[in-house]
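# Structure assessment
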Amino acid sequence: MQDMDYKGGNKFVVFGTGLEAVKCIYYWQNRGIEIAYCLNNNCKEEQFCGYPVYEPDQENLQSVFIFVASKEQVYPIISKQLRENGRVEFKDYIFYEWAYKKLVLLHGNCHMAIVSSFLLSSEAFSSQFSIYPNPPICENKEGRIDKAVLVNCDVWIHEDIRIDNEFGYYLSDEYMRPLFRTDVIEITIPHLFGLGKAFFPQSEWNHRNKKIKNGEDANGMFPHADKVIDQCVKQGMRKADIINYCMSDAAIDRDEIENNFKLYTDKMRMREQKWDIKIVDYILENYRVRKLFYDMGHPVNEILEIISSAVLEKLGITDKCITAHESLDVHEEPVYPIVRKVLKMNWSDGLLRKSMAGKKAGSEMNFEEYIKEYLWWCHGIK
C-alpha cells in the first residue's frame, strides 16, 4: 500500500479483540508504537492486552487512526459502521494488514473469487500481500470503485473490462487505469466469461428461469436456456422422447457445432491479445481430454489455477501447491453427446453440479436428471 503518515497527531486505536487484534498489537509494539485503546462492538471485557476496551462512539472515534483487526470477511461490515460514523477509509482507518503488506485489487467477474482463493492459499503470497474486499462487477451496486482504494493499491489484477460493459463506464479499464499510481503493478488476466459457449451451442439466456431466495437470487436454477429441450417441448414431445432425442446424434446439427466452436475460439484468440497471461493454447490442446468449462460462462478450477500460478510468477512467487475449495459449477451444464462426438472429446460428463453450491433439486444430477429438472423448472413438466 502507498506509504501513509500514521502520525499526524492522532492516537492509534485497534478495533477488535480477537486473534487478529493480538497480531496487530504485537506488530506495533515491537516497533515502538503504542496503542491508546481498543474498540469492540458488544464488548464484554474492560481490558485487552493491557489496553482499555470501549464500545465505539462519536467521541472515541474522533482524532484517532484505527486499525481494524478483524477477519477479512468481517472488515466490510466494520468499514460500513465506521463510514456511517463519518470516518474515511485510508484516511481514518484501514484493515490492519494493509499497514505492512502490499494491497492487491482483484477486478472482474465471479472468476475472481476462485483466483483469490488460489492466491491466498500461497503462503508466500499471503505473507506479502493482502486483497482488498472488492465485489464482482455484477454485484457492484455503486457502479464504481472509490478513488482512494485505487490510489492506495500496489497491484491491480483485472480482466479486460471494455468501455461498453453492461455495468458502466466507471468500472472499465479506460476509466480506472489513470486513477492508479504510476508504480502500480498491472496484470490483465484472461476474461473467459461467455467464451465457453464454444462447447455449449445449446445455451442461451433463459427467459423462463425464475428467481429464488425471496427474489434475491435472480440466477434461479437454470439461468441458461437449453434451446434443444425448448424446441422439443414446442413440438409437443413426451419427456421420455425428449431425453432420448437429447442423447442422440440428431440433437444438434454438426455444422452448427463446428461453426459455433470456430466462432468462439476465434473470439478467445482475439480477446487474448489484451491479456498478460495466455490460456487459449492450453484450452485448445486439452478440451478433448477433459471438461474445461462448467457452462458457457465459467471455466473449471484447472484453468483458474493455471491463471493464478501465472499471476504468482509475475509477482516473483513460485508456488506449485496452491488450492481452492470452491468452484464455479453452480449452474453446470452438460456437453451434449453429439458435441463431444463432433469435437472429438474423449471423456464423458458423469455427474453435474457436484459441489455443495451446485444447484439441483435432486441429490445427484446426470444428463438425464438435468433434462428432467430443466423440464420441471422451466416448463412445468412434472
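Above this note sits the structure.
Residues numbered from 1 in each chain as written. Predicted model: local features only at pLDDT ≥ 70, side-chain atom pairs only at ≥ 80, totals over all residues. Heavy atoms only, no water.

Within helix α2 (residues 75-84) the residues assigned to the buried category are Y75, I78, S79 and L82. In an axial view of α2, the angular spread of the buried residues amounts to 105°, which keeps them on one side of the axis. What points out from α2, more than 90 degrees from its buried face, is the exposed set I77 and E84. Check the buried side of α2 and you find it contacts β1 (11-15), β5 (64-68) and β6 (93-95). G86 occupies a position one or two residues after α2 and carries a positive phi of about 85°. (Buried < 20%, exposed > 50% of the residue type's maximum accessible area, 1.4 Å probe, protein only. Helix = DSSP H or I, 4+ residues; strand = E, 2+ residues; numbered from the N terminus. Arc of directions from axis to C-beta. Contact = heavy atoms within 4.5 Å.)

Moving on, we come to unusual backbone geometry. Note: most peptide bonds trans; most residues except glycine with negative phi. Here N42, not a glycine, exhibits a phi torsion of approximately 55°, which is positive. The residue N42 is located in the loop between β2 (37-39) and β3 (47-48) in this model. For N42, a relative accessible area of 63% corresponds to the exposed category. Positive phi is not limited to glycine here, since R353 has a value of about 50°. Relative to the helices and strands, R353 is located in the loop between α12 (337-342) and α13 (367-379). Overall, R353 belongs to the buried group, its relative accessible area being 1%.

Right, let's talk about the environment of V104 for a bit. Mapped onto the fold, V104 is located in strand β7 (residues 102-107). Residue classification places V104 among the buried positions, given a relative accessible area of 0%. Not counting residues up to four positions away in its chain, the partners in contact with V104 are F125, F129, S130, I131, Y132, V155 and I157.

With 19 residues, helix α9 (residues 254-272) ought to run about 27 Å at 1.5 Å a step, and its terminal C-alpha atoms sit 27 Å apart, in line with that. Turning to α9, its buried residues number three or more, namely I257, N260, F261, Y264, T265, M268, R271 and E272. Here the buried residues of α9 occupy an arc of 120° about the axis, which is enough to place them on one side. Away from the buried face of α9 by more than 90 degrees, exposed residues N259, K262 and M270 are located. (Expected span 1.5 Å × (residues − 1).)

Here we come to the sheet that holds β3. Spatial strand order, β3-β4-β2-β1-β5-β6: 6 strands in an open sheet with mixed pairing. With one partner strand each, in any of the chains shown, β3 and β6 form the two edges of the open sheet. Its contacts with the sheet put α2 on β1, β5 and β6, and the angle it makes with β6 is roughly 175°. (Pairing = 2+ DSSP bridges. Axes fitted to C-alpha atoms, helices over the stretch in contact; angles between N-to-C directions.)

A few words now on the packing of helix α3 (residues 111-120) against helix α11 (residues 301-314). Packed helices, taken two at a time, are described by their axes: the angle between them and the distance between them. It is at 9 Å that the axes of α3 and α11 come closest, and there the two elements cross at 55°. Comparing the axis directions of α3 and α11 gives the class oblique. Crossing handedness for the pair α3 and α11: right-handed. In contact with H111, I114, V115, F118 and L119 of α3, α11 contributes N301, L304, E305, S308, V311 and L312. Tallied by class, residues from the contact of α3 with α11 come to 7 nonpolar, 3 polar and 1 charged. (Parallel < 35°, antiparallel > 145°, perpendicular 65-115°, else oblique. Left-handed = near helix turned anticlockwise from the far one by under 90°. Nonpolar A, V, L, I, M, F, W, Y, C, P; charged D, E, K, R; others polar.)

What follows concerns the sheet that holds strand β10 (residues 185-189). Across a sheet, paired strands are connected by hydrogen bonds in the backbone, their directions being either parallel or antiparallel. Spatially, β8-β7-β9-β10 is the arrangement adopted by the 4 strands of the open sheet, whose pairing is parallel. Two strands in the sheet have a free side with no partner beyond their single neighbour: β8 (129-131) and β10. Ignoring which end each strand starts from, the neighbouring axes of this sheet average 20° apart. As paired strands, β7 and strand β9 (residues 155-159) are joined by 4 bridges and run parallel to one another. Within β9, the position partnered with L106 by the bridge is I157. Strands in contact with α3 are β7, β8, β9 and β10; relative to β9, the strand with the most contacts, it is inclined by about 140°.

For the structure on display, the rule yields 0 disulfides. With no disulfide of its own, C43 has C38 as its nearest cysteine by sulfur position, at a separation of 10 Å. (Disulfide = S-S within 2.5 Å.)

A few words on the nonpolar core. Grouped together as the largest cluster of nonpolar side chains are 72 residues, with contacts concentrated most on F199 and Y336. In terms of residues, this core owes the most to one element, α13, which gives 7 residues. With near-sequence residues (within four places) excluded, F199 lies in contact with N260, F261, I283, Y287, F293, V335, V339, L343 and M345. In terms of nonpolar packing, the next biggest core, distinct from the first, is built from 48 residues, V64, Y132, L171 and V184 among them. (Core = buried A, V, L, I, M, F, W, Y, C linked by side-chain atoms within 4.5 Å.)

Bringing the packing of aromatic side chains into the picture now. Scanning all chains against the criterion turns up 31 aromatic pairs. Relative to Y132, the ring of W98 has its centre 5.3 Å away and its plane inclined at 35°; by these criteria the two rings are tilted. Here the residue W98 occupies a position in the loop between β6 and β7, and Y132 occupies one in the loop between β8 and α5 (147-151), the gap between them amounting to 34 residues. With relative accessibility at 12%, the residue Y132 sits in the buried group. Note on W156 and F180: the rings are 4.4 Å apart at their centroids and 20° apart in plane angle, and the pair reads as stacked. Highlighted residues: W156 in strand β9 and F180 in the loop between α6 (173-176) and β10, separated in sequence by 24 residues. The residue whose ring lies beneath K210 is W377, and the NZ or CZ to ring-centre distance is 4.5 Å. (Phe/Tyr/Trp six-rings, centres within 6.5 Å; stacked < 30°, edge-to-face > 60°. Lys NZ or Arg CZ within 6 Å of the ring centre and 35° of its normal.)

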